[in-house]
Amino acid sequence: MSRIDINKTYKLFIGGAFPRSESGRVYEVKGSDKKFLANPALASRKDLRDAVVAAKSAQAGWAGATAFNRGQILYRIAEIMQGRSEQFVEEISALEGVTSKVAKLQIEEAIDTWVWYSGWCDKLSSIAGSQNQVSGPFYNFTTPESLGVVAIFAESKPSLLGAVRTLAPVLAGGNSTVLIASEAYPLPAITLGEVLATSDIPAGVVNILTGKTSELYPWVGSHMEIDGVDVAGLSKKQEEELRLVGADNLKRIARFSAINHPERILSFMEQKTIWHPIGI
Amino acid sequence: MSEFDYASAPESKAIANIASNYGLFIGGKFVEPKQGKSFNTFNPATEELLSKIGYADKTDIDAAVKSARLAYTRVWSKMPAKERGKYLYRIARIMQERAREFAVVETLDNGKPIRESRDTDIPLAAAHFFYHAGWADKLEYAGFGNKPKPLGVVGQIIPWNFPLLMLAWKIAPALAAGNTVVLKPAETTPLTALLFAQVCQQAGVPEGVVNIVTGDGVTGAALVNHTDVNKIAFTGSTDVGKAIARSISATKKTATLELGGKAANLVFEDAAIDEAVEGIVNGIFFNQGHVCCAGSRLIVQENVADEILEKLKKRMSLIRVGDPMDKNTDLGAINSKEQLNKIHEISNSGDAEGANRWSPELKLPSKGYWYPPTIFTGVSQSHRIAREEIFGPVLSVLTFRTPGEAIEKANNSMYGLSAGIWSDKGAKILWAARQLKAGVIWSNTFNKFDPASPFGGYKESGWGREGGRHGLAGYLASEAKVSK
Amino acid sequence: MIIDGSETSLRKFLSDLPPVDQVGAEARAGMLATRSIKTTSKAWAIDMAISMVDLTTLEGADTPGKVKSLCAKAVRPDPNDLTVPSVGAICVYNDMVKIARTELDAIGGESIPVAAVATAFPSGRASLAVKKLDTQDAIDAGANEIDMVIDRGAFLSGQLYQVFEEIQVIKQICGDKAHLKVILDTGELVTYDNVRKASYLAMLAGADFIKTSTGKVAPAATAPVVLVMLEAVRDYFTLTGKKIGVKPAGGIRTTKDAIKQLVLVKETAGDQWLTPDLFRIGASALLNDLLMQRMKLRTGHYASANYVTVD
């Protein structure tokens, strides 16, 4: 008799821990072959609230780490993902119905994406900052800083890459995040959470929710502690609605066309200009 | 021996040729509003009528946007960037030539002291055109891609506190980047924008590149909601800014918003005290406190608070309040009755909530709208006067014991436009500057502006930056983002 | 007493003084320079400025004849218009003191003080013994005011107490016979922090006036330097209740310059300092410009230099 596999319970990732939804709800995720794959948690608005609390409390520490240190940690994520390739291959193949070769390519690209953004951390202010020549005896410079808590609606497909593409730039800029995984393809995002939990990224900097996008996006839009949103995984209509309610605290909301681009980082950063007199 | 009271030294009004009425500036010409409606603009220092101004409604906005679109597609987007820049240089030069006239008209319409319009507003406005003129043919080096593209037609709405300067902040970068504009000045201060329209005519700016439409909030809303406008640039209140964000949420329009503030001005024990006192005065009483980035919350270290307050009160007693046209006036008129009422309303809440009000003894003119320089001590974070933007010459004073507490209080606001730091210790300044959640940090200075220096807020103080290389981004199409 | 006279207490006091931000101080002085003083205020200011002038000649080529004609000018700046006030003082080297005093007394200028520069003016480079003799000599010759220089070398090398003691010694010689003005020579002190520190040091040591410059070093009485010194006397008054005078000297040549000085006084130390007892302007050419501007105000047309005397 062949051995019975131990299947993983896919849970949420909040504040460095893997809780179930406070609501106790799960939903069924099927593979491309329509067969049952898993019952991930169906996050509620209260889970979102908890995730934002975790993100908020972790943000200052993450933003306050040196850019070099953040770059090291993003690179570390790439290293750990490399070692976990196999599990991602299985999940991606099952969900997306692609060959393991195609799945592997996606994982490699995701790993390379971490490496690419890792290298940006300590170069951003050189590229996006400036020393401004004002007319007067003042030293004046502008430098990018983190925005705060950024919510991400990850793209559906490619499932892993879609999450990494949106997540890595937000982290590179020193933000903490609540990533809402693709409703249909959530499993690699949760496994990504497991990778993050064993990397050196501080607890709470990344929080991952699975569940119904349609249920969560209005709460994301109206949450006053969320400063920015990447709406990659939302429909146009949902985006418009989120923009409408997001105006209440003037959220920075963006959808990107360019795959890897520093603007993905900078769109979730603020520019701070500092003046100081020059004298004796 | 008699006292050394400065005799009145009024600037001559003769230089200001204010017409009895103005039309809208559309397609390079002054035209009558289609409905023939108008409104009045007054001198807030005397309540005298200055001029009748054309009121633009939806159909006028439509005509202005059409003219801007036509100018964009047929002329402005096809013109070599170098030539575009030359028009901006011309504008800058003519503004300098006519600087005194602009200053006088600005002071008459706005109520700000002639010294400020003469020494700050007008020179800075001209400088903004000079600065951006030079960008026009260098955009590919600005870091927004090799072939940065303009957005098209930009709708711009500006406030009454720095009428011409805000116009320059808006129009100069928009034109330099290759856009055409429809600009709506504030209802109470339309005159220098209309004078600027004449400058455009003198400079030979192609018809329709700059359109000036005058009116009120309804006019502004028509501009925001016009379907052929690609971008909205707004400076004004946070409430209106949010309303604009909502209005454009289901459109392809982008926006830059420069909104309200409640800046903390932190004074540490090791500050250069006399210069800090000057900085506090300049921070809150410059332009009657009608400044979005005004240092309206003084947060001072407890062990120097008494000394600072004593010096501040002495210094406030020297502030010369009165006729804005007098060259020695430091604090002019409040821009409108409506604004004066608002200042009264919020300040009165300070009394009601138990804060202690102090103003120097002075006599305010009997006509016009006036408010004395005022400080409130004994203010706590929960008081309305510590949270809401007053937009007047009213300072709330709070204290702190440790640097950490200073930052905590400073950041405890929905706004994040600007902040001040006063300390002689470099490391402490950089530490505080990093902690403060604000887009502009003035250390050992306050209320300094420059075309090369990006300006704009964190949090609910706005979207985007104006000025400097960063300000160009708001007028160029993004390489990486989907325009909704 | 705000210090107990010991070196330790002096050092502590001076090191606790708040710093001066150069850019901020210059911006404040620059803003005050934009004050527009017209009509009646200008007339008041011109007469006040004339009465504050320390009419000065400090040249190697000074002669009794030169000093005497200066005295005549001091008493009656405009011989054709006796409503013009006399100047604040005559300021000369100490070998000219007796000549000046005698002349003034002879021509109706008994109330005009004679100020003598002392303590090895302008460099201050002499032994203390010589400086004491120099001072005593001036007082013996009838000087009513002593304009001493501080030892800038000692100040800049950190010998603050030595500078302090030297002023105290000179003050003692002055006693109640002469007012003591202490020249900081701010052009050699260079920074505003030093100007503030030296101002307090001089006041603590007993100065009746603090004076910017010898007139031999540029820059001299710049507006921000005077601003910093006026802040010092204002704050010293708050601390001690004692009013110390300020004397800018050097570089003030026009009526406009002089009025800017009065504006600085009014808006820094306050109206109570607007008196020759507490503010003087060390100058020579300035007086004629003040006189010409006065004529312009009275007659309505621009004056000619031919109508003012060239002494």
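Residues numbered from 1 in each chain as written. Chains lettered and ligands numbered in written order. Predicted model: local features only at pLDDT ≥ 70, side-chain atom pairs only at ≥ 80, totals over all residues.

K.L.:
Quick question: what am I supposed to make of the overall build of chain C here?
P.N.:
Across its full length, chain C carries 13 helices and eight strands. Computed over C-alpha atoms, the radius of gyration of chain C comes to 19 Å, within 12% of the 19 Å expected from 2.2 N^0.38 for 311 residues, which places it in the range of a compact globule. A principal-axis box enclosing the C-alpha atoms of chain C has dimensions of 60 × 45 × 30 Å. Relative to its full complement of 311 residues, chain C shows a buried share of 55%. Once local pairs closer than 6 in sequence are excluded, the contacts in chain C between residues at least 24 apart make up 76%. (Helix = DSSP H or I, 4+ residues; strand = E, 2+ residues; numbered from the N terminus. Rg over C-alpha atoms; globule rule 2.2 N^0.38 Å. Buried ≥ 20, exposed ≤ 12 C-beta atoms within 10 Å, placed from the backbone. Contact = placed C-beta atoms within 7 Å.)

K.L.:
When you look at the pairing of strand β3 (residues 114-118) of chain C in this model, what are you seeing that I'm missing?
P.N.:
Regular strands place side chains that alternate from one sheet face to the opposite one. Residue and element names in this part refer to chain C. Extensive coverage of β3 is indicated by the burial of five of its five residues. Of the two faces of β3, both are covered, the one formed by V114, A116 and A118 as well as the one formed by A115 and V117. Bridging between strand β2 (residues 89-93) and β3 involves four bridges; their strand directions are parallel. Residue C91 lies in a different strand from β3, and its bridge partner there is A115. The sheet contact formed by β3 and strand β4 (residues 145-149) spans four bridges and is parallel. (Pairing = 2+ DSSP bridges.)

K.L.:
How should the environment of B:A81 be read in this particular structure?
P.N.:
Residues and elements named next belong to chain B. Looking at the secondary structure, you find A81 in helix α2 (residues 81-97). Sequence spacing of A81 and L139 is 58 residues, and the spatial spacing of their C-alpha atoms is 9.0 Å. A81 has contacts with A136, D137 and L139, leaving out every residue within four places of it along the chain.

K.L.:
Could you clarify how one ought to interpret the nonpolar core in this entry?
P.N.:
A general tendency of soluble globular proteins is for nonpolar side chains to be buried together. B:L266, C:A49, C:I90, C:V182 and C:A202 are the most contacted members of the largest nonpolar core, which totals 270 residues. Considering every element that reaches this core, the biggest residue donor is helix α5 (residues 163-176) of chain B, with 11 residues. Grouped together as the second largest cluster of nonpolar side chains are 84 residues, A:A55, A:V89, A:I107 and A:L266 included. (Core = buried A, V, L, I, M, F, W, Y, C linked by C-beta atoms within 7 Å.)

K.L.:
Which parts of the structure should I look at to understand the sheet that holds β4(C)?
P.N.:
Pairing between the strands of a sheet is mediated by backbone hydrogen bonds and can be parallel or antiparallel. Residues and elements named next belong to chain C. The sheet built from eight strands is open, its strands ordered β7-β6-β5-β4-β3-β2-β1-β8 with parallel pairing. Of all strands in the sheet, those bounded by a partner on one side alone are β7 (245-247) and β8 (281-283). With strand direction ignored, the average angle separating the axes of adjacent strands in the sheet is 25 degrees. Along the sheet, helix α6 (residues 128-140) contacts β3 and β4; its crossing angle with β3, the most-contacted strand, is approximately 165 degrees. (Axes fitted to C-alpha atoms, helices over the stretch in contact; angles between N-to-C directions.)

K.L.:
Which parts of the structure should I look at to understand the sheet that holds strand β9 (residues 252-254) of chain A?
P.N.:
Residues and elements named next belong to chain A. Reading across from one edge, β7-β6-β5-β8-β9 is the order of the five strands in this open sheet, with parallel pairing throughout. In this open sheet, the two strands that pair with only one neighbour each are β7 (206-209) and β9. Adjacent strand axes in the sheet meet at a mean angle of 15 degrees, parallel and antiparallel pairs treated alike. Helix-sheet contacts for helix α8 (residues 213-222) involve β5 (149-153), β6 (176-180), β7 and β8 (228-230), and the interaxial angle to β5 is about 155 degrees.

K.L.:
How should I be thinking about the pairing of strand β5 (residues 179-183) of chain C in this particular structure?
P.N.:
All names here are of chain C. The buried fraction of β5 amounts to four of the five residues, a majority that puts the element mostly inside the structure. Pairing of β5 with strand β6 (residues 209-211), which is carried by three bridges, proceeds in the parallel orientation. Its bridge partner being in β6, K181 is matched across the sheet by F209.

K.L.:
I keep staring at the interface of chain A and chain C and nothing clicks. Help me out?
P.N.:
Interface size is commonly expressed as the accessible surface area that is lost when the partners come together. Tallying the contact residues gives five residues for chain A and five residues for chain C. By residue class, the composition of the side of chain A that touches chain C is four nonpolar, one polar and no charged. (Nonpolar A, V, L, I, M, F, W, Y, C, P; charged D, E, K, R; others polar.)

K.L.:
Got a minute to help me understand the packing of helix α4 (residues 100-120) of chain A against helix α6 (residues 159-172) of chain A in this structure?
P.N.:
Each pair of packed helices can be described by the angle between their axes along with the distance between the axes. Residues and elements named next belong to chain A. The interhelical angle for the contact between α4 and α6, taken along N-to-C directions, is 5 degrees, at an axis separation of 9 Å. In terms of orientation, α4 lies roughly parallel with respect to α6. When α4 is examined against α6, the residues Q106, I107, E109, A110, T113, W114, Y117 and W120 are found in contact with a partner set consisting of L160, L161, V164, R165, A168, P169 and A172. Residue classes in the contact of α4 with α6 are distributed as 11 nonpolar, two polar and two charged. (Parallel < 35°, antiparallel > 145°, perpendicular 65-115°, else oblique.)

K.L.:
How should the interface of chain B and chain A be read in this particular structure?
P.N.:
Across the contact, 35 residues belong to chain B and 33 residues belong to chain A. Within the residue set of the side of chain B that touches chain A, elements represented by two or more residues are α8 (238-247), α14 (426-435), β18 (440-443) and α15 (468-472) of chain B. Where strand β10 (residues 269-277) of chain A and β18(B) come together, three bridges link them in parallel fashion. Opposite A:T273, over in β18(B), you have B:V440 as the bridge partner.

K.L.:
Explain the environment of C:M229 to me, please; I cannot follow it from the model alone.
P.N.:
Residues and elements named next belong to chain C. In this fold, M229 is placed in helix α11 (residues 223-240). In sequence terms M229 and A106 are 123 residues apart; their C-alpha atoms lie 36 Å from each other. Apart from residues lying up to four places away in sequence, M229 is in contact with V195, S199, I210, T212 and V246.

K.L.:
How should α11(C) be read in this particular structure?
P.N.:
Along an α-helix, a turn takes 3.6 residues, which lines up residues three or four apart on a common side. Between its first and last C-alpha, α11(C) extends 25 Å over 18 residues, near the 26 Å set by a 1.5 Å rise per residue. The first or second residue beyond α11(C) is C:G241, which carries a positive phi of 80 degrees. (Expected span 1.5 Å × (residues − 1).)

K.L.:
Honestly, unusual backbone geometry in this entry has me stumped. Any pointers?
P.N.:
Peptide bonds are mostly trans, and most non-glycine residues show a negative phi. Residues and elements named next belong to chain C. A cis geometry characterises the amide bond from F121 onward to P122, with omega recorded as -5 degrees. Locating P122 in the fold gives a position in the loop between β3 and α6. One non-glycine residue with positive phi stands out, namely V190, at about 70 degrees. Following the sequence through the fold, V190 ends up in the loop between α9 (186-189) and α10 (192-205).

K.L.:
Sorry if this is basic, but what is going on with the packing of helix α3 (residues 85-96) of chain A against helix α7 (residues 187-198) of chain A here?
P.N.:
Residues and elements named next belong to chain A. α7 packs onto α3 with a crossing angle of 165 degrees between their chain directions and a minimal axis gap of 9 Å. By the angle between their directions, the pair α3 and α7 is classed as roughly antiparallel. Considering only the axes of α3 and α7, their crossing is right-handed. Across from Q87, F88, E91, I92 and L95 in α3, the residues of α7 making contact are L187, P188 and T191. Per-class residue counts for the contact of α3 with α7 are five nonpolar, two polar and one charged. (Left-handed = near helix turned anticlockwise from the far one by under 90°.)

K.L.:
Teacher, can you tell me more about the environment of C:A249 here?
P.N.:
Residue and element names in this part refer to chain C. Examined against the element boundaries, A249 turns out to sit in the loop between β7 and α12 (255-268). Between the C-alpha atom of A249 and that of D54, which follows or precedes it by 195 residues, the distance is 8.7 Å. Once residues within four sequence positions are removed from consideration, A249 is found in contact with K211, T212, S213, G215, A220, A221 and G282.

K.L.:
Please clarify how helix α11 (residues 337-352) of chain B should be interpreted in this entry.
P.N.:
Residue and element names in this part refer to chain B. When the terminal C-alpha atoms of α11 are compared, their 22 Å separation across 16 residues agrees well with the 22 Å that a helix rising 1.5 Å per residue should span. By the burial criterion, the buried members of α11 are Q339, I343, S347 and G350. An end-on view of α11 places all buried positions within 55 degrees of arc, on one side of the element. Exposed residues pointing more than 90 degrees away from the buried face of α11 are listed as E338, N341, E345, D351 and A352. Against the buried residues of α11 lie β13 (356-358), β14 (374-377), α12 (384-387) and β15 (394-400). Of the residues trailing α11, G354 is marked for its positive phi of about 100 degrees. (Arc of directions from axis to C-beta.)

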